[in-house]
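Observations on the model geometry
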Amino acid sequence: MLFAPKSKGFFVDQNESLIVLARTSAPSGPRVIEDITEVAPEDADAWAEVMAQYLPKKASNALLQAVCGVYPENRLLRRLTLDLKRIKEAGYMTDLISSQFRIDPEAYIMALVNSADGLEYDMAKPAHGEVGVCGMRLDEVLPHQNALLERSVYPDRLEVGSVSTVGALIDYAKFKTLPAPTLVLEMGFKTTHSYIISANGLEASRPIPQGLEAMVPVVQKELGLKDEQSAQKLFYSNTFDFTGMGPALIKKLLRELQSSIGFFEVQTGQSIGQVICTLLPPKLEWLEGAIASQLAVAPLVLDLPEWLESHKITLGDRVAGAPLSRRWLGLFSLMVQYHAAPSEEKA
């Protein structure tokens, strides 16, 4: 096995509809983003062309070492309230997670973090009961690793992309002093992961068992198409203007979102100020506007260059000339170091 030279930094964000790769001037510390490439997961030829630019040409088994973000369908990023009086009881955490999230904790690899700053929660000295639970199913780790290896990428670090992305948005809310909480939606094909964040951290989260696939039957019905396959092809190709159909397409999802938002607002007295959809396929990004309109809030407008610069990450000539897509937020979130070691801070 041969690794590509490590003088550069490489970052890969891999989700259901897109793979985004970035090369930076250094693996860590202050750095310049030199190049960004996005490829559809099914386009093997395009990905091979990208890899040919970075891997040694004489080595057929060469791998690109990269920090990688993935989005398992059963990923976890949930808020949990602990009873500090019971936290050291045998079986307490297992029973609590099982009952609250309706999962088998033994089937997951998980970590507890402070919901405000993302640092690891100290179970030995619990200072507060508000934590974030993040992780993924054990049986999903290997498939995601193998998918990267098949693309000639060796994950130096494998992260649940939702955790790094939500962390980035919390940091952005602090950076911009956003006055109201933000609704963050990760819309996959089968599931939508919903988060409410603010400058104070992760406020609420909930997986909703409805995704983009649930909109296909609506397209079929609204357009009078003969089968779902035709509707699916038309919907994902975006050769038809679906914006007028937006309210009908998101009707069921909206009902779930309004229920979650209503509960949050009653519990906290806060109102959602904006929404951002981070994982929409490029041809379906118009859905964010439809959701924002129906919720009577604005889409979150990101100033990514300014935020990146606050973390000593700047844009190279090849990147600076074009607007940065919100599709790349997960990629950028892998680069930012919030709690750098002193040596890295001085670099």
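Presented here is a report on the structure given in the accompanying data block. Worth saying up front: this structure is predicted, and the values here are computed from it rather than measured. (Residues numbered from 1 in each chain as written. Predicted model: local features only at pLDDT ≥ 70, side-chain atom pairs only at ≥ 80, totals over all residues. Heavy atoms only, no water.)

1. Structural notes on the side chain of Asp171
Note the threshold: A helix here means a DSSP run of H or I that spans at least four residues, while a strand means a run of E at least two residues long, and both kinds are numbered starting from the N terminus. The classification of residues rests on relative accessible area computed with a 1.4 Å probe and restricted to protein chains. Under 20% of the type maximum is buried, over 50% is exposed, and intermediate values are partly exposed. In this tally, Asp and Glu contribute negative charge and Lys and Arg positive charge; neither His nor the terminal groups of the chain are included. A pairing counts as a salt bridge when a side-chain nitrogen of Lys or Arg comes within 4 Å of a carboxyl oxygen of Asp or Glu. Any pair of residues with heavy atoms lying within 4.5 Å of one another is described as a contacting pair.
On the secondary structure map, Asp171 appears in helix H4 (residues 161-176). Buried charge Asp171 goes without a salt bridge, the closest partner of opposite sign being Lys174 at 5.9 Å. Once residues within four sequence positions are removed from consideration, Asp171 is found in contact with Trp307, His311 and Tyr338.

2. Section: the sheet that holds strand E8 (residues 130-137)
We count it as follows: Strands pair, by our definition, only if DSSP identifies at least two bridges between them. Throughout, an axis means a line fitted to C-alpha atoms (over the contacting stretch in the case of helices), and angles, computed between N-to-C directions, take values from 0 to 180 degrees.
The strand order E6-E8-E7 describes an open sheet built from three strands, whose pairing is antiparallel. Of all strands in the sheet, those with a lone pairing partner are strand E6 (76-81) and strand E7 (108-114), marking the two edges. When the angles between neighbouring strand axes are averaged without regard to direction, this sheet yields 25°. As paired strands, E7 and E8 are joined by seven bridges and run antiparallel to one another.

3. A word on the sheet that holds strand E10 (residues 182-187)
Ordered by their spatial adjacency, five strands build an open sheet running E12-E11-E10-E13-E14, and the pairing between neighbours is mixed. Each end of this open sheet is capped by a strand with a single partner; those strands are strand E12 (201-208) and strand E14 (298-299). Sheet topology places strand E11 (residues 192-198) next to E12; seven bridges connect them, and they run antiparallel. Residue Thr192 lies in a different strand from E12, and its bridge partner there is Ile208. Across the face of the sheet, helix H8 (residues 251-268) comes into contact with E10, E11 and E12 while running at roughly 150° to E12. Against the sheet, helix H9 (residues 286-295) contacts E10, strand E13 (274-277) and E14, and its axis sits at roughly 155° relative to E13.

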